[in-house]
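Here's the letter readout for the chains.
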Amino acid sequence: MALRIEKAAADKRKAKPADQSRLGFGRFVTDHMLRCDWTRDQGWHEHRIVPYGPLNLDPAALVLHYGQQVFEGLKAYYGRDGAIHLFRPRDNLARLNRSARRLCLPEVDVEDVMAGLRELILLEKDWIPTANGASLYIRPTLIASEAVLGVQVAAECLLYIIVGPVGAYYAEGFAPTKIFVTERYVRAVIGGVGEAKTSANYAASLLAAEEAYAKGYTQVLWLDACDKKSIEEVGTSNIFFKFEDELVTPPLTGSILPGITRDTVLTLARDRGLTVNERRITIDEVIAGCGDGSLQEAFATGTAAVISPVGEINHQGQTSVVGDGRVGELSRSLYDEILDIQYGRRPDPHNWVVKL
Ligand SMILES: *Cc1c(COP(=O)(O)O)cnc(C)c1O
């Protein structure tokens, strides 16, 4: 597919953040974005790299009323070899297409988007931070842009990709989080949109997160919608539990987002010879494991933080400490191993890294 590049005028370009240790997450965007329009009659049009700026959406655009939207999140890294690395990008685009099918949005051509993304990142390469753990965050977004107020599947859509430098998630060290088990709210139900990466899931999670923050917790632990017993996810991440002789994560039953970091952890843990099970795990089993010491570690997984250790769980007003409340050996070593692969500091036996 054709790719047209319209560069931002020199005097319209932003100053790059000076201090790489204070990038935070999502605070900076670069000077350009990729966009591609789709209509039912013509399919996808040419990809265009254009100056970063407002989208000029009609106020009646379907996405603004009925939430027909899906997105992705991945990162570009400066590898030790000086090359720009992407981590499993085609898995993200394949998931974008699975999410799109669920939301009745058009699927993208993975190789066309890869080609456009490559040009965008090469154009913005001076924005990619070099500090360990820092990266260029990539946000592909697919929305229904057709302007019509009746509820219907959009005949006009828009894919755009914006990118921006983000810092190491743990600027102040790798610290365990405190999580709050909600029994009042649910994130997703089987048959709903929980396994699609769509804005609705985030909108649905905000109130529970606000109430957890107000109580001094960083994340919400989500249980299944039916009997509020089985663990599903934590915040906007997948979750793992390390018992004495088993690593457990909930199975992909339909209400859980199939995380790429989740799959990476499952693969690396199996490579190490650990006993790994994708099985139903209840909150009662986890609380009992805190009590008798059989639960050694718990951690969340996702692209932004990679591995986020859990130190404390509040369930029905009772606080339980996971392991000794500190970062566990498995959490730390998986975090190091994944970053080493992403930055090209150790071999990549599963060919996850794509060099630009
Ligand atoms: C994106 C996301 C994840 C993590 O997926 P990764 O591919 O590992 O980044 C987990 N849960 C939810 C709800 C998500 O949106």
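Residues numbered from 1 in each chain as written. Predicted model: local features only at pLDDT ≥ 70, side-chain atom pairs only at ≥ 80, totals over all residues. Heavy atoms only, no water.

Notes on the pairing of strand β2 (residues 32–39)
The line we're drawing: Using a 1.4 Å probe on the protein chains alone, a residue whose accessible area is under 20% of its type maximum counts as buried, one over 50% counts as exposed, and one in between counts as partly exposed. Comment: elements are numbered from the N terminus, with helices defined as DSSP H or I runs of at least four residues and strands as E runs of at least two. Two strands pair under a simple rule: DSSP has to find at least two bridges between them.
In terms of burial, β2 is a largely internal element, seven of the eight residues being buried. Pairing of β2 with strand β4 (residues 47–51), which is carried by four bridges, proceeds in the antiparallel orientation. Its bridge partner being in β4, leucine 34 is matched across the sheet by isoleucine 49. For β2 and strand β9 (residues 156–166), the ladder comprises six bridges, and the chain directions are antiparallel. Bridge pairing in β9 places tryptophan 38 opposite cysteine 157. Summarising the sheet, β2 and strand β3 (residues 43–44) pair through two bridges and their orientation is antiparallel. Along β3, the bridge assignment pairs threonine 39 with glycine 43. In this antiparallel pair of consecutive strands, β2 and β3, the connection spans three residues.

Details of helix α6 (residues 283–292)
Helical periodicity: at 3.6 residues per turn, an α-helix aligns residues three or four positions apart in one direction. Cut-off, in case you're wondering: Here the arc refers to the directions that run from the helix axis out to each C-beta atom.
Among all positions of α6, only Ile283, Val286, Gly289 and Cys290 are buried. Buried positions in α6, seen along its axis, are confined to an arc of 125° and lie on one side of it. Among the exposed residues of α6, those pointing more than 90 degrees away from its buried face are Gly291 and Asp292. Glycine 293 sits one or two residues past α6 and shows a positive phi near 80°.

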